[in-house]
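Each chain, written out:
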Amino acid sequence: AYDAAVAELFDSLELLEEKLGTQRFLGGDGSRFTWLDLRLFMTLVRFDPVYVTYFKTNKKRIATDYPNLLGFVRDVYTMEGIGECINTNHIKTHYFTSHPDLNKFGIIPVYDGPDLEVASGRDEMFETTKE
């Protein structure tokens, strides 16, 4: 089950990487930020700092293997009201201490994921405006 789930996950990430290489956002014609983009962001912002370790999804990382997904996460993170709501320390603490059977000593990895403050360049790349 694990091997099939990991294969499906990374196949999906590859599709998203390709799509976000041709359009700024997922929904519609890709020019407008939608709920779908927010949902994807909330997953991707957790991927490297939590999912890679916690769910053993370490085949690839957003920070090093998916430049379009990384740009997307940075782009959305800089939108008004979004980045301010992301507390990576809280996210990691929740995942790594909530299930003592999976992490007996409550060890929280030090890696916080990629630097989301770096400019994504996606607004210039796709010449759209953030909404």
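A brief look at the structure comes next. (Residues numbered from 1 in each chain as written. Predicted model: local features only at pLDDT ≥ 70, side-chain atom pairs only at ≥ 80, totals over all residues. Heavy atoms only, no water.)

**Observations regarding the packing of aromatic side chains**
- Enumeration over the complete set of coordinates arrives at nine aromatic pairs.
- Aromatic pair Y51 and Y95: ring centres 5.8 Å apart, planes at 75°, arrangement edge-to-face. Highlighted residues: Y51 in helix α2 (residues 35–54) and Y95 in helix α5 (residues 88–97), separated in sequence by 44 residues.
- Among the residues examined, Y51 registers a relative accessible area of 15% and is labelled buried.
- By the ring-pair criterion, three or more aromatic residues cluster together here, those being F10, F47, Y51, Y54, F55, Y95 and F96. (Phe/Tyr/Trp six-rings, centres within 6.5 Å; stacked < 30°, edge-to-face > 60°. Helix = DSSP H or I, 4+ residues; strand = E, 2+ residues; numbered from the N terminus. Buried < 20%, exposed > 50% of the residue type's maximum accessible area, 1.4 Å probe, protein only.)

**Points about the nonpolar core**
- By size, the foremost hydrophobic cluster in this structure holds 31 residues, and its most contacted members are F41, L44, F72 and V76.
- Only α1 (2–19), α2, α4 (67–77) and α5 provide two or more residues apiece to this core.
- The element that contributes the greatest number of residues to this core is α2, accounting for nine residues.
- Aside from chain neighbours lying at most four places away, what touches L44 is L13, I62, L69, F72 and V73. (Core = buried A, V, L, I, M, F, W, Y, C linked by side-chain atoms within 4.5 Å. Contact = heavy atoms within 4.5 Å.)

**Here's the deal with unusual backbone geometry**
- Despite not being glycine, K56 has its phi angle at roughly 60°, a positive value.
- Checked against the element boundaries, K56 lands in the loop between α2 and α3 (62–65).

**Digging into α2**
- Considering bend angle alone, the principal kink of α2 is centred on F47 and spans about 75°; proline P49 follows within four residues of it.
- At the C-terminal side of α2, K56 shows a positive phi close to 60°. (Bend = angle between axes of the 7 residues up to and from the residue.)

**Quick look at the packing of α2 against α4**
- In the contact formed by α2 and α4, the axes pass within 10 Å of each other and the chain directions differ by 110°. In terms of orientation, α2 and α4 fall into the roughly perpendicular class. At the point where α2 passes α4, the crossing takes the left-handed sense. Facing D37, L40, F41, L44 and V45 of α2, the residues of α4 in contact are L69, F72, V73, V76 and Y77.
- Considered class by class, the residues forming the contact of α2 with α4 number nine nonpolar, no polar and one charged. (Axes fitted to C-alpha atoms, helices over the stretch in contact; angles between N-to-C directions. Parallel < 35°, antiparallel > 145°, perpendicular 65-115°, else oblique. Left-handed = near helix turned anticlockwise from the far one by under 90°. Nonpolar A, V, L, I, M, F, W, Y, C, P; charged D, E, K, R; others polar.)

**A word on empty space enclosed by the protein**
- Within this structure, the stated rule accounts for one cavity of 30 Å³ or more.
- In this structure, the largest cavity encloses a volume near 70 Å³. (1 Å grid on protein atoms, 1.4 Å probe; cavity = no way out; pocket = protein on both sides within 12 Å on 5 of 7 lines; lining within 4 Å. Points joined across faces, edges and corners; volume = space filled by probe spheres on them.)

**Topic: the pattern of salt bridges**
- Within this structure, the stated rule accounts for three salt bridges.
- A salt bridge links R24 to D75; the nearest nitrogen and oxygen atoms lie 2.7 Å apart. With R24 in the loop between α1 and α2 and D75 in helix α4, the pair connects residues that are 51 residues apart, well separated along the chain. When sorted by exposure, R24 lands in the same class as D75, which is buried. (Salt bridge = Lys/Arg side-chain N within 4 Å of Asp/Glu carboxyl O.)

**Brief notes about the side chain of D37**
- For D37, the position within the fold is in helix α2.
- It turns out D37 is buried and unbridged, and the closest side chain with the opposite charge, R122, is 7.7 Å from it.
- A polar contact of 2.8 Å, which involves the side chain of D37, links it to the backbone nitrogen of T34.
- Those residues in contact with D37, other than ones at most four positions away along the chain, are F25, L26, G27, R32 and F72. (Lys, Arg positive; Asp, Glu negative; His and termini not counted. Polar contact = N/O pair within 3.5 Å; in protein donor to acceptor, adjacent residues only side chain to side chain.)

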